[in-house]
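Letter by letter, the chains look like this.
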Amino acid sequence: MQSLLILGRQPELGLAELESLYGAGQVRAAGSQAALVDVDPCLLTFNRLGGSQKFCKVLTTLDNTNWSKIEKFLLSAAPGHAQSMPDGKMHLGLSAYDFKETTQRIQATALKLKKAIRSADPNRSVRVVPNKESALNTAQVIHNNLTTPNGWELVFIKDGQQTIVAQTVKVQDIAAYGARDQGRPARDSRVGMLPPKLAQIIINLAAGPLPESAQQNICDIPAGDPIPPTILNQTVLDPFCGTGVLLQEALLMGYAAYGTDIEKRMIDYSRRNLDWLTDKYQLTDSSVQLEQGDATNHNWSPAPNLVAAEGYLGKPFTTAPPRDVLAQTMNECNVIIRKTLQNLAKQLPSGTRLCLAVPAWHMGSKIMHLPLIDHLPELGYNTVDFEATKGLHLTYHRPDQIVARELLVIIRK
Ligand SMILES: C[S@@+](CC[C@H](N)C(=O)[O-])C[C@H]1O[C@@H](n2cnc3c(N)ncnc32)[C@H](O)[C@@H]1O
């Protein structure tokens, strides 16, 4: 059985995240925006995936990509499906990925479908969700009830010469992400704002293949009930924990959280935020350890199972800095992160995985990377390569930003 996922804004990050958890052999890209994973959909840990927006059930695969033929198929199949849905108003939405069809064309197909469903069952009222683009976004899916029993979002993915037709089952809980980000009591814009979704991606890249205990059967949980966190007997260390965003996500995934930061103020912030989260999500079994410490010389005890962090990113430039200023910032970041990796190498057992977000700078068309990236083997680490990125850098970047976060995924030799 396969699971189908619609990936986020940077699809390569979502693919690498899936590869990390499920193995390259189990994951393949479908078009430029989706991934097929050879995992039973009931066992897929969608809640912890920061890089996948929608979780879909594959309905069928068509041997062509011609929209008129796809439409013809839908007009014959959809009325029958609609009859199997509960009585009441039906909400219908269409999302097409990698097709060249205009938004109007997709919308026209949705309206034809509505007509076909209504002529087969005149008592059925159908509301079509208007497409602003060829695919509906997560907020539209939620606000238009498309994943409720009376909702139907049909997803079309152009996959080479074929079309995958799927139905959305679940989408990322954007309200919960927002509440964890903006609702936490202690925030500090000076240490940057790590988005919770990116924190999840960093942890998943550090985690590697998931143990069986993490693969909860979500089909056993009644629809609408919250999915309880599984307690994993593993500890995530964040040696640059700041306000604790990454540790918050680690706790929600079922890990024990271990955070250190050079500033006492940050440790206080993390403690307040993690107390708040534990209370909000009733994480009664969660374990938190926080200490003030300089990552370049701190002793962490006990040794963690994985290390996941957004490291020191230097000055938050809003415009391209002069060369000498950039060189100074690069050097400062390089020294702190290199010494941290050397310190960690002395303490981590061989085989421990790490994912560190480190700065890279977009200077016009040129991207400047930290020099230490070319010396990871000398520092005691092997790099984890992902098929999804084909040896390229794994970077989280917003088009308007100078400082990007480069995700280093490495294993202690
Ligand atoms: C980019 S912020 C991380 C933000 C964090 N992800 C969060 O959720 O708030 C970097 C953090 O590294 C800390 N830091 C800088 N140099 C450090 C060092 N040598 N050892 C430990 N922490 C350090 C800073 O105090 C800051 O909190």
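Residues numbered from 1 in each chain as written. Predicted model: local features only at pLDDT ≥ 70, side-chain atom pairs only at ≥ 80, totals over all residues.

Things to note about the overall build of the protein chain
A tally of helices and strands in the protein chain yields ten helices and 17 strands. On C-alpha atoms alone, the protein chain measures out to a radius of gyration of 23 Å, which is about the 22 Å that the 2.2 N^0.38 rule sets for 413 residues. In terms of overall dimensions, the protein chain has C-alpha extents of about 70 × 50 × 35 Å along its principal axes. When each of the 413 residues of the protein chain is scored for burial, the buried share is 39%. Across the protein chain, contacts joining residues at least 24 apart in sequence account for 74% of those joining residues at least 6 apart. (Helix = DSSP H or I, 4+ residues; strand = E, 2+ residues; numbered from the N terminus. Rg over C-alpha atoms; globule rule 2.2 N^0.38 Å. Buried ≥ 20, exposed ≤ 12 C-beta atoms within 10 Å, placed from the backbone. Contact = placed C-beta atoms within 7 Å.)

Overview of the site of the ligand
In the vicinity of the ligand, 21 residues are found, and the nearest of them are Phe240, Gly242, Thr243, Val245 and Ala295. Its residues assigned to classes, the shell around the ligand comprises twelve nonpolar, five polar and four charged. (Near = placed C-beta within 6 Å. Nonpolar A, V, L, I, M, F, W, Y, C, P; charged D, E, K, R; others polar.)

Some points on unusual backbone geometry
A negative phi holds for most residues other than glycine; trans holds for most peptide bonds. Omega for the peptide link from Ser301 to Pro302 comes to 0 degrees, which places this bond in the cis form. Non-glycine residue Asp98 carries a positive phi angle of around 75 degrees. With respect to the element layout, Asp98 can be found in the loop between strand 5 (90-97) and helix 3 (103-120). Assessed through the 17 C-beta atoms surrounding it within 10 Å, Asp98 is described here as partly exposed.

Brief notes about the pairing of strand 4 (residues 52-62)
Looking at chain direction, strand 1 (residues 3-7) and strand 4 are connected through four bridges and run antiparallel. Paired with Leu5 across the bridge in strand 4 is Phe55. The pairing of strand 4 with strand 8 (residues 162-171) spans eight bridges and is antiparallel. What sits directly across from Phe55, in strand 8, is Lys170. (Pairing = 2+ DSSP bridges.)

Re the packing of helix 2 (residues 67-83) against helix 3
Following both chains from N to C, one finds helix 2 and helix 3 inclined at 35 degrees, their axes separated by 9 Å at the closest point. In this structure, the crossing between helix 2 and helix 3 has a hand that is right-handed. In this structure, helix 2 contributes Trp67, Glu71, Leu74, Leu75, Ala78, Pro79 and Ala82 to the contact, and helix 3 contributes Arg105, Thr109, Lys112, Leu113, Ala116, Ile117 and Ala120. (Axes fitted to C-alpha atoms, helices over the stretch in contact; angles between N-to-C directions. Left-handed = near helix turned anticlockwise from the far one by under 90°.)

Looking at the environment of Lys100
Along the polypeptide, Lys100 turns up in the loop between strand 5 and helix 3. For Lys100, a count of 10 C-beta atoms within 10 Å corresponds to the exposed category. Sequence separation between Lys100 and Ser134 is 34 residues; the distance between their C-alpha atoms is 9.0 Å.

Describing the environment of Ala404
For Ala404, the position within the fold is in strand 17 (residues 403-412). C-beta crowding within 10 Å serves as the criterion here: with 21 such atoms nearby, Ala404 is assigned to the buried category. Through-space distance from the C-alpha of Ala404 to that of Lys54 is 25 Å; in sequence the pair is 350 residues apart. When sequence neighbours within four positions are dropped, the list of residues in contact with Ala404 reads Ala360, His362, Thr395, Tyr396 and His397.

Quick word on the nonpolar core
Within the largest apolar cluster, 106 residues are counted, with the highest numbers of intra-cluster contacts made by Ala35, Ile202, Ile203, Ala206, Leu246, Ala308 and Cys355. If one sorts the elements of this core by residue count, helix 6 (residues 196-207) sits on top with eight residues. Of the residues that make up this core, three or more belong to each of domain 1 (3-44 + 51-171) and domain 2 (177-412). Once residues within four sequence positions are removed from consideration, Ala206 is found in contact with Leu306, Val307, Ala308, Arg353, Leu354 and Cys355. (Core = buried A, V, L, I, M, F, W, Y, C linked by C-beta atoms within 7 Å. Domains from an automatic or database assignment.)

Observations regarding the domain arrangement of the protein chain
Segmentation of the protein chain into domains returns domain 1 (3-44 + 51-171) and domain 2 (177-412). Computed from C-alpha coordinates alone, the two centres of domain 1 and domain 2 are separated by 33 Å. With 14 residues of domain 1 in contact, the opposing surface of domain 2 contributes 17 residues. Grouping the constituent residues of the side of domain 1 that touches domain 2 by class yields seven nonpolar, four polar and three charged.

Some remarks on the sheet that holds strand 4
The eight strands lie next to each other as 2-3-1-4-8-7-5-6, forming an open sheet whose pairing is mixed. Each of the sheet's edge strands pairs with one partner strand only, and the pair in question is strand 2 (27-30) and strand 6 (126-128). With direction set aside, neighbouring strand axes in the sheet form an average angle of 35 degrees. Against the sheet, helix 3 makes contact with strand 5 and strand 6, and its axis sits at roughly 145 degrees relative to strand 5, the strand it touches most.

Things to note about the packing of helix 6 against helix 7 (residues 245-253)
Two elements in contact, helix 6 and helix 7, have axes whose closest approach is 9 Å; the angle formed by their N-to-C orientations is 65 degrees. The angle between helix 6 and helix 7 places the two elements in the roughly perpendicular class. Here the hand of the crossing between helix 6 and helix 7 comes out right-handed. In this structure, helix 6 contributes Pro196, Ala199, Gln200, Ile202 and Ile203 to the contact, and helix 7 contributes Val245, Leu246, Glu249, Ala250 and Met253. Of the residues that constitute the contact of helix 6 with helix 7, the class distribution is eight nonpolar, one polar and one charged. (Parallel < 35°, antiparallel > 145°, perpendicular 65-115°, else oblique.)

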